[in-house]
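Okay, here's what each chain looks like letter by letter:
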Amino acid sequence: WDIKLNKQNSFKVRLSFKILMRFTAAVILYFLLLLALFFGGMLVCSFFTWTGTEPLYTLFNFIRINGATILFLLGLGGFIIIFIHYWRKTIGYLDDVLAATENVYNSKNDFIVLPADLKEAEMQLNQIKLNVHESQRAAQEAEKRKNDLVVYLAHDLKTPLTSVIGYLTLLKDEKEIPPELRQKYLAISLDKAERLEDLINEFFEITRFNLSGISLEYSLVNLSLMLEQLSYEFKPMLAQKNLNCILNIQPDIMIKCDPDKLARVFDNLLRNAVNYSYENQDIIITASRTESPNNRIKIVFENKGIDIPKEKLDRIFEQFYRLDTSRATKTGGAGLGLAIAKEIVELHKGSISASCTDGVIHFEVLLPA
């Protein structure tokens, strides 16, 4: 902000100096021209012998006698006229800038055009206009993605709810259902109810993300134990696809962080790795201190799955962006997990990035130790 303010002040000083120099040059040029005309006229008149009866003699003689007064009055009048001209020109610049400011929020893509003296202001206003249009476009896209997602979730709520009601109705109405079939209906109802709970949680996730920021409560945590516990909790989920979670973690890595928020980041990364891994593969979690002078901690989640195109990797941390909409019903979330993970990591003064090479997907988190 200080740099921007200094640039604005510097531009105002340069513009004021330029107008002042032009005004001064115009005044000096006017006075030189006035003096040249006066003394040049007197010199020309001296070449002739006047008898006093010539029609112009009376006028020239009056000018000669009252020369100083006439020069003063003409000079003063010229100075006022030049001053008014440059004053109106300066006011005109203000009008141009005000009109251009209104054009900044114009939906048209026409560039702002100002006089040559305001070229720097023109470039700044055009840059502001581009930024405003880009922000509006991004906001509209985010709003559209959110609206589409809400419509999808609202529609998808009906499917598990209908199944739950249907199977529970069968259990209620049919008195002579075999135990095996009753157990099957109960299992399906429970599965659909859990899916319904996930969808409702996604609604709350969207609301929390939009209505409140994320604040951190720091404490000293053993990161190594946190990752080991996380992998243990995911064993049932890993078993469904016959996945193996391999930990390459340095022992007793201590870090000052918000443990709940950071666990949420790692939970999301491991969940993504499970959801988008091929079956019968390894998921590798690596955690170590870097050797750099910054003394940072690097955590990497690696899994094998379908290649992620670069254009999707560039957007993978955007709000409401879902990597694979075709799998949304089974594994997809609200498209907020990675966006929230990025915000949490950045609040910890760290960074998160994603890469994909030959079907091997890496998520890397760097945190200050």
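Residues numbered from 1 in each chain as written. Predicted model: local features only at pLDDT ≥ 70, side-chain atom pairs only at ≥ 80, totals over all residues. Heavy atoms only, no water.

What to know about the pattern of salt bridges
Keep this limit in mind: By convention in these notes, a salt bridge is any Lys or Arg side-chain nitrogen within 4 Å of a carboxyl oxygen on Asp or Glu. Every helix listed is a DSSP run of H or I at least four residues long, and every strand listed is a run of E at least two residues long, numbered separately from the N terminus. We call a residue buried when its accessible area falls under 20% of the maximum for its residue type, exposed when it is over 50%, and partly exposed in between, using a 1.4 Å probe and counting protein chains only.
Here the structure, examined in full by the defined rule, presents four salt bridges. For Glu-134, the salt bridge identified is with Arg-137, shortest N-O distance 2.4 Å. Residue Glu-134 and its partner Arg-137 are located together in helix H4 (residues 119–173), separated by three residues, close to a single helical turn. A relative accessible area of 43% means that Glu-134 is categorised as partly exposed.

Observations concerning helix H3 (residues 67–104)
This is how the line gets drawn: How far a helix is expected to stretch is found by multiplying one less than its residue total by 1.5 Å.
The terminal C-alpha atoms of H3, which comprises 38 residues, lie 55 Å apart, in line with the 56 Å expected from a rise of 1.5 Å per residue. Inspection of H3 places Gly-67, Leu-71, Gly-75, Gly-78, Ile-82, Tyr-86, Tyr-93, Ala-100, Asn-103 and Val-104 among the buried residues, and these make up the whole buried set.

Focus: a nonpolar patch on the surface
Which entries qualify depends on this criterion: Two joining distances apply to patches: 9 Å for like charges and 5 Å for nonpolar side chains (Val, Leu, Ile, Met, Phe, Trp, Tyr), and every residue must have over 30% relative accessible area and no salt bridge. Surface accessibility in these figures is a Shrake-Rupley result with a 1.4 Å probe; residues are shielded only by whichever protein chains are displayed.
On the surface, a nonpolar cluster with roughly 970 Å² of combined accessible area is contributed by Phe-31, Phe-72, Leu-73, Leu-76, Phe-79, Ile-80, Phe-83, Ile-84, Trp-87 and Ile-91. Here Phe-72 falls in the exposed class, since its relative accessible area comes to 56%.

Quick notes on the confidence of the model for the chain
Short version of the rule: For every residue, the predictor states its confidence as a pLDDT score lying anywhere from 0 to 100. It only takes one pair of heavy atoms within 4.5 Å for two residues to be counted as in contact.
Taken residue by residue, the chain gives an average pLDDT of 78. The fraction at 70 or more is 82%. Below pLDDT 50 for its whole length, residues 325–331 participates in twelve contacts with residues either more than four positions away or in separate chains.

Overview of the sheet that holds strand S5 (residues 296–304)
For clarity, the threshold we go by: Should DSSP find at least two bridges between two strands, the strands are regarded as paired. Axis definition: a line fitted to C-alpha atoms, over the contacting stretch in the case of helices. Angles run 0 to 180 degrees between N-to-C directions.
The mixed open sheet is built from five strands, whose spatial order is S2-S4-S5-S7-S6. Of all strands in the sheet, those with a lone pairing partner are strand S2 (244–249) and strand S6 (351–357), marking the two edges. Adjacent strand axes in the sheet meet at a mean angle of 15 degrees when their direction is disregarded. Relative to strand S4 (residues 282–289), S2 runs parallel, the two sharing six bridges. Note that in S4 the partner of Ile-246 across the bridge is Ile-284. Sheet strands touched by helix H6 (residues 223–233): S2, S4 and S5. Its angle to S2, the strand with the most contacts, is close to 175 degrees.

Looking at unusual backbone geometry
Backbone geometry at Asn-242 places phi at a positive 55 degrees, although glycine is not the residue there. One can find Asn-242 in the loop between helix H7 (235–240) and S2. With a phi close to 65 degrees, Lys-349 is a non-glycine residue in the positive phi region. Within the secondary structure, Lys-349 is located in the loop between helix H10 (337–347) and S6.

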